[in-house]
Each structure stands twice: as C-alpha cells, then as structure tokens.
Amino acid sequence: MSATSRWEARPVAGAQWLFLRGDWRVAELARALREMESARPSRDWQDISLAGLEGADSSTLALLLEWTQEAHRRGQPLRIHAASAALLDLARLYHLDPLLQFCP
C-alpha cells in the first residue's frame, strides 16, 4: 500500500466525517492540503477517523489542532477517532491531549 496521504469526507450516521489515510507526516502534509484546497470539501465535519493513517507526527497534531479550533469557532465539537498509541503519546508530550477530543 502506498504511504501517500489521502482523505475522504463522507456522512456516517447523519454526521459528517473526515477519513485520513496514508502518511500525514510533514513531508506529505503540504501536498495533501493542496489537494484538499483544490477539491474544496466543506469543513463541516464533526468526526475525523485516523484508522487508515500509516504515518503521523507533530505536524499532524498541528493540523488537528487547527481543525479543532476551526470547529470550535463554528460552535461544533471535533472528535478524533482511532488515533495510534504513538500519536496519543506525542499529544500528551506536547500537552495537546486536553485540547484535542480523542475518542476510542
């Protein structure tokens, strides 16, 4: 499987979800964000699944924090599902776990 970063927005049980797959570390992140910008998906998702991620780092956390703040400005929660143990450890190391709503 390619480690290239990919994304898909789709509804699940009446809520808008964003599914991230592949490698979302800094080297791939800029390209993925350019593709998202050109596709112009709505940013009204309330849930993000990280189950398909093959790579994540501090840049991934920075992006999740930005999206969380954006959702907060819209008055919506942003729930982050299926984060890896390594990403959760990194969030704790940077003291971001209280700011990001990680769900099992």
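Residues numbered from 1 in each chain as written. Predicted model: local features only at pLDDT ≥ 70, side-chain atom pairs only at ≥ 80, totals over all residues. Heavy atoms only, no water.

Asker: Sorry if this is basic, but what is going on with the environment of E28 here?
Answerer: Within the element layout of this structure, E28 appears in helix 1 (residues 26-39). Judged by its relative accessible area of 22%, E28 is partly exposed. When the C-alpha positions of E28 and R6 are compared, they lie 9.6 Å apart, and in sequence the two are 22 residues distant. (Helix = DSSP H or I, 4+ residues; strand = E, 2+ residues; numbered from the N terminus. Buried < 20%, exposed > 50% of the residue type's maximum accessible area, 1.4 Å probe, protein only.)

Asker: Any chance you could explain the side chain of S49 here in plain terms?
Answerer: With respect to the element layout, S49 can be found in strand 3 (residues 47-55). Separated by 3.3 Å, the side chain of S49 and the backbone nitrogen of A51 make a polar contact. In contact with S49, other than residues within four places in its own chain, are W17, L18, F19, L20 and H81. (Polar contact = N/O pair within 3.5 Å; in protein donor to acceptor, adjacent residues only side chain to side chain. Contact = heavy atoms within 4.5 Å.)

Asker: Just to check I follow, could you spell out the pattern of salt bridges for this structure?
Answerer: Pairing is possible between side chains that carry opposite charge, provided their charged atoms lie close to one another. Scanning the entire structure with this criterion turns up six salt bridges. Taking the shortest distance from any N to any O, the salt bridge between E8 and R10 comes out at 2.9 Å. R10 gets classed as partly exposed once you look at its relative accessible area, which sits at 29%. Salt-bridge contacts for R21 lead to E8; the nearest nitrogen and oxygen are separated by 3.7 Å. Placement of the pair is R21 in strand 2 (residues 15-23) and E8 in strand 1 (residues 6-12), with a sequence separation of 13 residues. R21 gets classed as partly exposed once you look at its relative accessible area, which sits at 29%. Through salt bridges with shared partners, a single ionic network connects E8, R10 and R21. (Salt bridge = Lys/Arg side-chain N within 4 Å of Asp/Glu carboxyl O.)

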